[in-house]
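Geometric and topological summary
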Amino acid sequence: MKELYIFDVKEEFYKLYKAKPGELFYIFNRIYNMKASDKEYGYNLFCQISNFMDKNKVNALIKNNYKDKIMYSCNGSEHIINNLFLNEISILTVKNPNIKIESNIKKPSFLEDLRDLKLHLFVCDFKEKNYYFITRKRSKVN
């Protein structure tokens, strides 16, 4: 299963690292792999570069997007897609510091929904050493 961690990067760090996402990944990877004895330093570093998630906002967005879909189920802050037609099983868990997605496919359906949050979301796959920003949806001008 693929494990993705999604962070809301602060505006000033987004501007600084949008052209150099590898350097931002290096910081998050260091925090992710820190020893328990360094957790206070890691927490302080995390707070400098990332915002905490608004769990209610994220949960409401996901629930609203999937509320009528038979392939979707929810238990508090855990959202599950079990789409037999697309062979997708994805679990999105909303936590205060991040969003975690576990999935059997490369690009889980939830990633598209998170674009609606209009945040600077940075996706990290620490096992595969993969990372990218989720681009925001552009609003149509009439």
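Residues numbered from 1 in each chain as written. Predicted model: local features only at pLDDT ≥ 70, side-chain atom pairs only at ≥ 80, totals over all residues. Heavy atoms only, no water.

Brief notes about the nonpolar core
Among the nonpolar cores identified, the biggest contains 20 residues, and Ile6, Ile62, Leu92, Ile99, Ile101, Leu111 and Leu114 are the most heavily contacted of them. Breaking this core down by element, the ones donating at least two residues are β1 (2-9), α4 (55-66), β5 (88-94), β6 (99-103), α5 (109-114) and β7 (121-125). The dominant element in this core, judged by the number of residues it contributes, is α4, at four residues. Once you skip the residues sitting within four places of it in the chain, leucine 92 turns out to touch Ile62, Ser77, Glu78, His79, Ile99, Lys100, Ile101, Phe110 and Leu114. Counting 16 residues, the second largest nonpolar core, distinct from the first, contains Phe7, Tyr17, Phe28 and Leu45. (Core = buried A, V, L, I, M, F, W, Y, C linked by side-chain atoms within 4.5 Å. Buried < 20%, exposed > 50% of the residue type's maximum accessible area, 1.4 Å probe, protein only. Helix = DSSP H or I, 4+ residues; strand = E, 2+ residues; numbered from the N terminus. Contact = heavy atoms within 4.5 Å.)

Brief notes about the environment of tyrosine 32
Relative to the assigned elements, tyrosine 32 resides in helix α2 (residues 21-32). Classification of tyrosine 32 by relative accessible area gives partly exposed; the value is 38%. Along the backbone, tyrosine 32 and asparagine 56 are 24 residues apart, and their C-alpha atoms lie at a distance of 24 Å. In this structure, tyrosine 32 is in contact with Glu3, Tyr5 and Phe126, ignoring residues within four places of it in sequence.

A look at the pattern of salt bridges
What the rule picks out here adds up to five salt bridges. Between lysine 127 and glutamate 3 there is a salt bridge whose closest N-O contact spans 3.8 Å. Taken together, the residues lysine 127 in the loop between β7 and β8 (130-133) and glutamate 3 in strand β1 connect sequence positions 124 residues apart. Classification of lysine 127 as exposed rests on a relative accessible area of 56%. Across the pair glutamate 11 and lysine 15 runs a salt bridge, and its minimum N-O distance is 3.7 Å. Note that glutamate 11 and lysine 15 are positioned in helix α1 (residues 11-17) at a spacing of four residues, about one turn of the helix. (Salt bridge = Lys/Arg side-chain N within 4 Å of Asp/Glu carboxyl O.)

Structural notes on the packing of aromatic side chains
Geometry of an aromatic ring pair is reported as the spacing of the ring centres plus the angle between the planes. Evaluation of the coordinates by the stated rule reveals 18 aromatic pairs. Sitting over the face of the ring of tyrosine 132, lysine 107 holds its NZ or CZ atom 4.2 Å from the ring centroid. (Phe/Tyr/Trp six-rings, centres within 6.5 Å; stacked < 30°, edge-to-face > 60°. Lys NZ or Arg CZ within 6 Å of the ring centre and 35° of its normal.)

Observations regarding the layout of surface pockets
Considering only enclosed or pocket space, the largest pocket measures out at about 310 Å³ in volume. Forming the walls of the largest pocket are 16 residues, and the residues nearest its centre are Ile31, Tyr32, Gly42, Tyr43 and Phe46. Of the residues assigned to the lining of the largest pocket, the class counts are 11 nonpolar, two polar and three charged. (1 Å grid on protein atoms, 1.4 Å probe; cavity = no way out; pocket = protein on both sides within 12 Å on 5 of 7 lines; lining within 4 Å. Points joined across faces, edges and corners; volume = space filled by probe spheres on them. Nonpolar A, V, L, I, M, F, W, Y, C, P; charged D, E, K, R; others polar.)

Quick notes on the side chain of threonine 93
By secondary structure assignment, the location of threonine 93 is in strand β5. With residues near it in sequence (within four places) discarded, threonine 93 still touches Ser77, Glu78, Asn98, Ile99 and Lys100.

Considerations on the packing of α2 against helix α3 (residues 39-49)
To describe two helices that pack against each other, one gives the angle between their axes and the distance between the axes. Orientation of α2 relative to α3, taken along the N-to-C sense of each, is 150°, at an axis distance of 9 Å. Put simply, α2 runs roughly antiparallel to α3. Where α2 crosses over α3, the handedness of that crossing is left-handed. Of the residues in α3, those touching α2 at Leu24, Ile27, Phe28, Arg30 and Ile31 are Tyr41, Gly42, Leu45, Phe46 and Ile49. (Axes fitted to C-alpha atoms, helices over the stretch in contact; angles between N-to-C directions. Parallel < 35°, antiparallel > 145°, perpendicular 65-115°, else oblique. Left-handed = near helix turned anticlockwise from the far one by under 90°.)

Digging into α3
Turn by turn, an α-helix covers 3.6 residues, leaving residues three or four places apart pointing in a common direction. Along α3, the positions that sit buried rather than exposed are Gly42, Leu45, Phe46 and Ile49. The buried residues of α3 occupy an angular sector of 100° when the element is viewed end-on, so they sit on one face. The inward-facing, buried residues of α3 abut β1, α1, α2 and β2 (50-51). (Arc of directions from axis to C-beta.)

Without other data, these values stay purely geometric and don't point to any function.
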